[in-house]
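Each chain, letter by letter, is given below.
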Amino acid sequence: MKSILITGAGSGIGRATAAAFVKAGWGVALVGRRPEALEETARIIGGGLVLPADVTKADQVEAVFAEAVAAFGRLDALFNNAGRGSRPKTIDEMPIEDWQAVLDVNLTGAVLCSRAAFGQMRKQSPQGGRIINNGSISAHAPRPGSTPYTVTKHAITGLTKCLSLDGRAFGIACGQIDIGNALTEMAAPIAKGVPQADGRIMAEPTMDVDDVARAVLMMAELPLASNVQFMTVMATNMPFVGRG
């Protein structure tokens, strides 16, 4: 049985992805800050190893990776999914606390989890595995007032490229999925109306979060000799292409 560790598994994309992997027969480690939300995920999807942790804390990250490997024997994949946004503000009005909070979760958390996964995949036998990073349409084009989120998602692209390069010698593949307007609790305001580049407030089309989950599963189930380096999955009619 293959195994995957999913961060941010207590809701949204993380929960939907965990459901897809459990259904496909994978061993799934569910990681997130809220034990109750993780337990709910496990009940809903009918499986999963509940491992509460704050991904911004190195000691907690190392502990949950060790628990996952103890349970499954190895780690075949990591889905770096944990993330958060902040209130829309221009950079001069942006509270420093907002910047730090988004940076800690979206980037430091992804780096710490990648570090733990890379180390395990490098030393296990057979060697190798796959890391999938949750980027965003914001890794390509920002929304107004989104400095913390957009900067961290651009940085995730750099992390993806570094892991891809450094992983070659150890059979570790890394890819990034850039998601646009998947309908989750976090993205619910998009369907009601969000700021556009021209100053308007406009509702945008959304997509089913289960479509994202299927895409992540497809990336993970490729043989390690093949890799989806970057994938964009988005609501077909959202204003991304041509919005400049």
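Quick note: structure is the one above.
These numbers were taken from a predicted model, which means no experiment stands behind them. (Residues numbered from 1 in each chain as written. Predicted model: local features only at pLDDT ≥ 70, side-chain atom pairs only at ≥ 80, totals over all residues. Heavy atoms only, no water.)

Moving on, we get to the packing of helix α4 (residues 96-123) against helix α5 (residues 147-167). The N-to-C vectors of α4 and α5 enclose an angle of 15°; their axes lie 9 Å apart at closest approach. For the element pair α4 / α5, the angle class is roughly parallel. Relative to α5, α4 is oriented so that their crossing is right-handed. Judged by residue contacts, D98, W99, V102, L103, N106, L107, A110, V111, S114 and F118 of α4 engage T147, P148, Y149, V151, T152, K153, A155, I156, L159, L163, D166 and G167 from α5. Taken together, the residues that form the contact of α4 with α5 break down as 14 nonpolar, 5 polar and 3 charged. (Axes fitted to C-alpha atoms, helices over the stretch in contact; angles between N-to-C directions. Helix = DSSP H or I, 4+ residues; strand = E, 2+ residues; numbered from the N terminus. Parallel < 35°, antiparallel > 145°, perpendicular 65-115°, else oblique. Left-handed = near helix turned anticlockwise from the far one by under 90°. Contact = heavy atoms within 4.5 Å. Nonpolar A, V, L, I, M, F, W, Y, C, P; charged D, E, K, R; others polar.)

To find leftover empty space, one rolls a probe the size of a water molecule over the atoms. Scanning the model with the defined rule gives 1 cavity of 30 Å³ or more in all. Empty space within the largest cavity amounts to approximately 80 Å³. As for the largest cavity, its lining consists of 13 residues, and the residues nearest its centre are N80, N81, A82, N106 and A110. Counting residues per element, the lining of the largest cavity draws most heavily on α4, which supplies 4 residues. Grouping the constituent residues of the lining of the largest cavity by class yields 5 nonpolar, 7 polar and 1 charged. (1 Å grid on protein atoms, 1.4 Å probe; cavity = no way out; pocket = protein on both sides within 12 Å on 5 of 7 lines; lining within 4 Å. Points joined across faces, edges and corners; volume = space filled by probe spheres on them.)

Tracing the sequence through the fold places T17 in helix α1 (residues 12-23). Here the side chain of T17 touches I13 through a polar contact of 2.7 Å, landing on its backbone oxygen. Among all residues touching T17, those that are not within four sequence positions of it are I6, F79, A213 and V216. (Polar contact = N/O pair within 3.5 Å; in protein donor to acceptor, adjacent residues only side chain to side chain.)

In total, this model carries 0 disulfides according to the counting rule given. Of all cysteine sulfurs in the structure, the one in C174 sits closest to C113, which takes part in no disulfide; the separation is 13 Å. C113 sits in the buried class, given a relative accessible area of 2%. A disulfide-free cysteine, C174 has its sulfur positioned 9.6 Å from the sulfur of C162, the nearest such atom. (Disulfide = S-S within 2.5 Å. Buried < 20%, exposed > 50% of the residue type's maximum accessible area, 1.4 Å probe, protein only.)

A word on the pairing of strand β1 (residues 3-7). Each regular strand carries side chains that alternate between the two faces of the sheet. Within β1, 5 of the 5 residues are buried, which leaves it mostly tucked inside the rest of the structure. Of the two faces of β1, the one lined by S3, L5 and T7 and the one lined by I4 and I6 are each fully buried. The parallel pair β1 and strand β2 (residues 27-32), bridged by α1, forms a crossover whose chirality is right-handed. (Right-handed = clockwise from strand over helix to strand, strands pointing away.)

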